[in-house]
Amino acid sequence: MPTIPADQIEITIRDGVWELHPVGSSPPTVPIFQVMRGSSVMEYTPAFGEAHGLPGTILSLEFVQAVVIGYEPQSRRWRLGLQLARSPQHKPRGLELVRWPPGDNLIYGASARDAGSELAEYIGCPFKIFGAKKPPRIVPGEGHRSGVTGPLGPHKRDTATVQQVKLLTQGTKLPLEHEHLWLGRARDNLELRLDKNVQARASRRPAPSFNRCTIDPKQGTIRLHPPTGLLSFLSGPRAQVVKTGDVQNVELRAVTTKHTEERPDSNKLITEVTYITYFWEIYLTLPDESVLLAQTMHTTSSDLLRQRATRATRFAVDSQAGIEYLRQHQDDQQAKDRASSWAEAAAVVIASTLGVHLVKTEEDEGAFQQP
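The shown structure was predicted, so the numbers you read here are calculated from the model rather than taken from an experiment.

Moving on, we get to the overall build of the protein. Along the backbone of the protein there are seven helices and 21 strands. For the protein, the proportion of its 371 residues judged to be buried stands at 47%. Pairs at least 24 residues apart make up 56% of the contacts formed inside the protein by residues separated by at least 6 positions. With the model as given, the accessible surface of the protein reaches about 19,400 Å², and the carbon-plus-sulfur share is 51%.

Printed below as a string of structure tokens:
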């Protein structure tokens, strides 16, 4: 990612390292402060340590309680720093790392937010905001970043031929079931069923308009049945019949989105919690439209992502804390794998039944954009 300029300091985040460099210097110049992703320590120069009251040139990340950003009205500056304490029971002290030039609240807010959020991810600690006002986000296309780290490109595409799809179906046993979804055989037809309450799920993504899809290869038809009920009858979509010959391909679309929420904290601090949601969506690609048939999803929060990997947790697997740390991550990964696996298996079976290509695409709607 590009360098983030501040007051007499440049922040560089690249190759898994968060660094501070004096203005005018650039890598491979030795940084005055750095944190490596997955490391257990922060490193800094002797001059930086002396100026900030830190011992030597290395300090364990176990002393970091939070990354904090805030706008100070008196000086009209955004500041980024750390809360340090010997343990969660001790009162933390503040350590300022970066400040931005004086200016309006909106000028440097997005830069401060990006730098602080990324540092919290690298350290593995909460990200807190000083003051009641949330710093602005960068709108995609108007800045260097707009959300959470992801694929370099906003869109990836991969196509499996009809022959490859047929091979992929070997060994797949029907029915396929996952939460509110069911895919299986009904006589000579392939039937997809969705729980009729699926549309009530809250998400920022479109939900399927139909709760049952029947593919009849002999008749060459795909029947899409809308939910039943009075409200659906009055205002919902009508049943739709699609000719199988009109289906150009089946698309399995993987989409990653991100949103944040705020938790009020003490001393006028706000803890920002980030939620990353993964969607796997199955579409029929028709000449004039794409019809969403089914959707699975999984959400991970920064409370889990930012758990610190220290000797007391990740590595001490014989400790209660270590076992709980591993269990939470395993449960989260298994839930994500179940949602992804069902969607992929279902897309393969549908494409095979229709005798069309399977197109896999990836989008990252909230990704930090890189030039």
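Looking now at the pattern of salt bridges. Working definition: two side chains of opposite charge can pair if their charged atoms are close together. Summed over the entire model, instances satisfying the criterion amount to 13 salt bridges. One salt bridge in this structure joins D188 and K218, with 3.3 Å as the shortest N-O distance. Taken together, the residues D188 in the loop between β13 (181-186) and β14 (189-194) and K218 in the loop between β15 (212-216) and β16 (221-225) connect sequence positions 30 residues apart. Its relative accessible area of 69% is what places K218 among the exposed residues.

Time to look at the pairing of strand β10 (residues 127-130). The side chains of a regular strand alternate between both faces of the sheet. Bridge analysis of strand β7 (residues 64-72) against β10 gives four bridges, and the strand direction is parallel. Counterpart to I69 in the pairing with β10 is I129. Pairing of β10 with strand β19 (residues 269-285), which is carried by four bridges, proceeds in the antiparallel orientation. Residue pairing in the sheet places F127 in a bridge with E272 of β19.

Attention now goes to the side chain of N189. Its place among the elements puts N189 in strand β14. By relative accessible area, which is 18% here, N189 ends up buried. Apart from residues lying up to four places away in sequence, N189 is in contact with G184, T214, I215, D216 and P217.

Strand order in the open sheet made by the six strands is β1-β2-β3-β4-β5-β6, with antiparallel pairing throughout. The open sheet is flanked by β1 (4-5) and β6 (58-60), the only strands paired with a single partner. Relative to strand β2 (residues 9-14), β1 is paired through two bridges, and the arrangement is antiparallel. Of the residues in β2, the one forming a bridge with I4 is I11. Contacts from helix α2 (residues 109-123) reach β1, β2, β3 (17-22) and β4 (33-36), with the element oriented near 130° to β3.

Moving on, we come to the sheet that holds β16. Ordered by their spatial adjacency, six strands build an open sheet running β12-β13-β14-β15-β16-β17, and the pairing between neighbours is antiparallel. In the strand order of this sheet, the two ends are held by β12 (176-178) and β17 (240-243), each with one partner. Across this sheet, the average inter-strand angle for adjacent strands is 15°, counted without regard to direction. In this sheet, β15 lies alongside β14 in antiparallel orientation, the contact comprising four bridges.

Counting through the fold element by element, H329 comes out in helix α7 (residues 320-354). Placed 29 residues apart in sequence, H329 and T300 show a C-alpha to C-alpha distance of 10.0 Å.

Here we come to α2. Taking 1.5 Å per residue, 15 residues should reach 21 Å; α2 reaches 21 Å between its end C-alpha atoms and fits that length. Where burial is concerned, most of α2 is hidden: 14 out of the 15 residues are buried. At the C-terminal side of α2, G124 shows a positive phi close to 85°.

The next point concerns the environment of S302. In this fold, S302 is placed in helix α5 (residues 302-305). Its relative accessible area of 4% is what places S302 among the buried residues. Along the primary structure S302 and V273 are separated by 29 residues, whereas in three dimensions their C-alpha atoms are 5.8 Å apart.

The share of residues in the protein with pLDDT of 70 or more is 78%, and the mean pLDDT across the chain is 80. In this model, residues 134-154 is a region of pLDDT below 50 whose contacts with residues beyond four sequence positions or in other chains number 61 contacts. Across residues 309-317, where pLDDT falls below 50, the model places 18 contacts with residues more than four positions away in sequence or in other chains.

Rules and cut-offs
- Note that residues are indexed from 1 along each chain, following the sequence as it is written.
- Owing to the predicted nature of the model, reporting of local features is limited to residues with pLDDT of at least 70; listing and counting of side-chain atom pairs is limited to 80 or more, with chain, interface and lining totals taken over all residues.
- Just so you know, side-chain values use all the structure's heavy atoms and leave hydrogens and water out.
- The helix and strand labels rest on DSSP assignments: H or I over at least four residues marks a helix, E over at least two residues marks a strand, and numbering proceeds from the N terminus.
- Burial classes: relative accessible area under 20% of the type maximum marks a residue as buried, over 50% as exposed, and values in between as partly exposed (1.4 Å probe, protein chains only).
- For this analysis, residues touch if any pair of their heavy atoms sits within 4.5 Å.
- Here, Shrake-Rupley sampling with a 1.4 Å probe gives the accessible areas, and only protein chains in the shown set may cover a residue.
- The salt bridge criterion pairs a side-chain nitrogen of Lys or Arg with a carboxyl oxygen of Asp or Glu, the two atoms within 4 Å.
- Strand pairing is defined by DSSP finding a minimum of two bridges between the two strands.
- Axis definition: a line fitted to C-alpha atoms, over the contacting stretch in the case of helices. Angles run 0 to 180 degrees between N-to-C directions.
- Every helix has an expected span of 1.5 Å times one less than the residues it contains.
- Known as pLDDT, the predictor's confidence for each residue is given on a scale from 0 to 100.

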